[in-house]
Amino acid sequence: MSSLKGLTRLRTAGKRAGTAFAALPLLAGGLVALAATAAPPAAAAPSAATVGNGLARTPQMGFNNWNSTHCRAEFNETMVKGIADTFVSQGLKDAGYTYVNLDDCWALPNRDASGNLVPDPVRFPHGIKAVADYVHAKGLKFGLYSSAGTKTCDGQGFPGGLGHEQQDANLWASWGVDYLKYDNCNNAGVDARQRYKAMGDALTAATRSTGRPILYSICEWGSNQPWTWAPEIGNSWRTTGDISDSWSSMISIAHQNQPLAPYAGPGAWNDPDMLEVGNGGMSDTEYRTHFSLWSQMAAPLLIGSDLRTASPSTLAILKNTDVIAVDQDPLGRQGTVVSSSGGLVVMAKPLADGGRSVTLTNETTSTRTISTTVRDIGIGGASSYALKDLWSKATSTTTSAISASVPAHGTVMFRVTPGSPVPPPTGLNQLSDLSWTSATGGWGPVERDRSNGEQAAGDGRALSIGGTAYAKGLGTHAPSEITYHLGGVCTSLGVDVGVDDESVSQGSVRFQIWRDGTLAADSGVRTAADGPRHLSADLRGGTALRLVVTDAGDGTAYDHADWADAELACGSGPSAGTHDLSDLTWSSAANGWGPVEKDRSNAEQAAGDGRPLTVGGTVYAKGLGTHAASTVAYYLGGGCSSLTTAVGVDDEVTTKGSVVFQIWRDGKLAADSGKLTSADAARPLSADVTGAMEVRLVVTDAGDGVDYDHADWAGPRVTCG
């Protein structure tokens, strides 16, 4: 709870300009308004350090009475014991709910003569320790409430913990308290971080003296960006004002919490407030959306309804173990918004098994179809994917599309599990052309052939490092990880890395290439002032490739990181010996007119319509007939040494035709014929291709147009082994 009654505005510092966005009203555009106006929060990095109490490695689950009772008389010892009984009898304990927590109004308005808090003898005639003992006897844990101020939030003025931190922490530990929710009312204007750290230190000291760890839930309402400092102090922190039992309140709070995903992780969670499921202000459809989104956001799941009188439909929502498993996934990643348009919102959450959970949420007032793809949600590399609808329990498979008809204010939630991954094809592959098995970025999605613009897919620009532009590559933002399945068939990776020029003068990152569990290459720290650095990695025998970008230890502000011109070599090149190129399979071929022909000239139209290759009256039995502009690429795999050929304009051209032949090895020019016309005899051309992964045979038009530019690679041969 908070004194702001759900109206607190969440203030987040934009990465380029200060931005404030309120708890958004329900609009037809839904999250579009947020995506269009709010930059990612806070230039400071998500802290790598978390409170060291070992608790909440997955988000905490349990019960808190406030949403159902507030400070009314029915909040008492009998109710709390009844909730503990219901946890066991209704299977909630088995579903993972652990904490039975009291909120405000459990104490008398004044401390005793020794300065200790005193339980209200009317509400709790046997005292708090007796209630904690009862809860513990059920195999559950017990939680209590206070405020980081002189008084708590209720208007009756119960004593807060400000200035009594160690005394209160010691008392609670002696009672058997396992969980503290620490509110923000009547704080006397004292710095929030100072107040919350004081109680965190007191809880740590109490744990050391009693051996009882106490989960620390910071309820600061998001007023001072607790996500930037609370991970070092507590296990969770409220990101918003109070929730209320209505669609507009719930969905606006979800909007505020969604952009904060980079700050959450095992032991430290964004908390968008307690659940309202079952309190009667929303439909079951809306409650399923509520429960789905909280689980997708890796939020604490604290039941706020009176379970003793809960309906079967309420219990069915709260006990959906498939949805709970998403919230409790041990990878500990908060889901992020993949797309949002016209009130149709797609979120994806990485899971420990390599799959994704996906929520398709319809924030409009009529049934709509919502669609996405496996690529859009950040996975790929498999021939098919298993889909499980976590509410209907229906199962299906897909090769790409994920789509559902979603009722008004409803959510369809899928678990997407990749099938057997498919290794890359033989050849020199650009990573941005391949399907990754998984991709997660610090801000916004990982982009193909564009920089990372931090928000929606496709909002970046052309990749550029130190003034060098790249047509191909991957644009990310630290912290980031991209994985590819290699299947043991790939040999090497070469890539230029650096901070994208859109970062201007800021940004510092570190690039790492991992083969399975072994570090294969490390860039060291790269800043916005550095040009591109080339990394290469030996991947022979590896089954998995991981591209990792970290923030270099100084925060993630402007950490736009590019993997540029990332070429992955897979498979073996030609066998040992000398081979006619026309007998080998090219990896790609592009031609000005008609197809590239094997052992025939190019007649510009259908395949096979040419004649024997002839240059200057000499007929060649083997070769390639092309037409400018043309490029034919062969994968050599690093095992060949030389390429020899004769080149010229085919005799089927009489008075026109002028071309230039070039041999390129791994992006570098290895041989050039100069200009040749139909009047010239064949010219020998050779290139050293020792160690080359790829060779490209290029024909240009010599700068005077492509009329009759029939160009023959006559008798080209490559020697390997």
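Caption draft 1: Fine view of the state of the cysteines. Taken as a whole and judged by the stated rule, the model has four disulfides. Residue C153 pairs covalently with C185 via a disulfide, S to S 2.0 Å. Classification of the bridge connecting C153 and C185 rests on its S-S torsion, roughly 100°, and on that basis the disulfide is right-handed. A residue pair is termed long-range when its members are at least 10 positions apart, and C153 in the loop between β5 (141–147) and α6 (165–175) and C185 in the loop between β6 (179–183) and α7 (192–210) qualify at 32 residues. Across this residue pair, the class does not change: C153 and C185 are buried. With its bonded cysteines labelled in order along the sequence, the protein shows the pairing 1-2, 3-4, 5-6, 7-8. Looking at the unpaired C219, the closest cysteine sulfur is the one in C153, lying at 7.0 Å.

Caption draft 2: Region of the structure containing the environment of A348. Relative to the assigned elements, A348 resides in strand β12 (residues 344–350). The exposure class assigned to A348 is buried, which follows from its relative accessible area of 4%. Excluding residues within four positions of it along the chain, A348 makes contact with Q296, G335, T336, V338, S357 and I377.

Caption draft 3: Broad picture of the packing of helix α8 (residues 247–257) against helix α9 (residues 284–296). Between α8 and α9, the least distance of the axes is 11 Å, while the angle of their chain directions is 20°. Classified by the angle between their axes, α8 and α9 sit roughly parallel to one another. By crossing handedness, the relation of α8 to α9 is classed as left-handed. Within the contact between the two elements, α8 uses W247, M250, I251, I253 and A254 and α9 uses E286, T289, H290, L293 and W294.

Caption draft 4: Examining the side chain of T359 more closely. Along the chain, T359 turns up in strand β13 (residues 356–362). For T359, the contacting residues outside a window of four places in its chain are S292, L293, Q296, V345, V346, M347, T411, V412 and M413.

Caption draft 5: Just empty space enclosed by the protein, in detail. The full count for this structure, using the stated rule, is two cavities of 30 Å³ or more. Put simply, the largest cavity is a space of about 80 Å³. If you go around the largest cavity, you meet 13 residues; those closest to its centre are Y179, K181, S217, D271 and L302. Taken together, the residues of the lining of the largest cavity break down into six nonpolar, three polar and four charged. Taken as a whole, the second largest cavity holds about 60 Å³ of empty space. Around the second largest cavity, the lining residues are D104, C105, W106, A107, L117, Y145, S146, T152, F158 and P159. Split into classes, the residues belonging to the lining of the second largest cavity amount to seven nonpolar, two polar and one charged.

Caption draft 6: Molecular detail of the environment of L307. Assignment of secondary structure puts L307 in the loop between β10 (301–303) and α10 (312–318). The spacing of L307 and N452 is 145 residues in sequence and 46 Å in space, taken between C-alpha atoms. Setting aside anything within four residues of it in sequence, one finds L307 in contact with F63, I83, T86, F87, L92, L315 and L318.

Caption draft 7: Structural view of α7. The terminal C-alpha atoms of α7 lie 27 Å apart, and with 19 residues this matches the ideal 27 Å at 1.5 Å per residue to within 8%. Within the sequence span of α7, burial applies to A192, R195, Y196, M199, G200, A202, L203 and A206. Mapping the buried residues of α7 onto a view down its axis gives an arc of 160°, with all of them on the same face. When the buried face of α7 is taken as reference, the exposed residues oriented beyond 90 degrees from it are Q194, R208 and S209.

Caption draft 8: Expanded view of the layout of surface pockets. There is about 360 Å³ of room inside the second largest pocket. Lining the second largest pocket are 17 residues, and of these L428, G494, H534, E567 and D666 sit closest to its centre. At four residues, strand β26 (residues 490–499) tops the list of elements feeding residues into the lining of the second largest pocket. Considered class by class, the residues forming the lining of the second largest pocket number five nonpolar, six polar and six charged.

The rules behind the values
Residues numbered from 1 in each chain as written. Predicted model: local features only at pLDDT ≥ 70, side-chain atom pairs only at ≥ 80, totals over all residues. Heavy atoms only, no water. Disulfide = S-S within 2.5 Å. Helix = DSSP H or I, 4+ residues; strand = E, 2+ residues; numbered from the N terminus. Buried < 20%, exposed > 50% of the residue type's maximum accessible area, 1.4 Å probe, protein only. Contact = heavy atoms within 4.5 Å. Axes fitted to C-alpha atoms, helices over the stretch in contact; angles between N-to-C directions. Parallel < 35°, antiparallel > 145°, perpendicular 65-115°, else oblique. Left-handed = near helix turned anticlockwise from the far one by under 90°. 1 Å grid on protein atoms, 1.4 Å probe; cavity = no way out; pocket = protein on both sides within 12 Å on 5 of 7 lines; lining within 4 Å. Points joined across faces, edges and corners; volume = space filled by probe spheres on them. Nonpolar A, V, L, I, M, F, W, Y, C, P; charged D, E, K, R; others polar. Expected span 1.5 Å × (residues − 1). Arc of directions from axis to C-beta.

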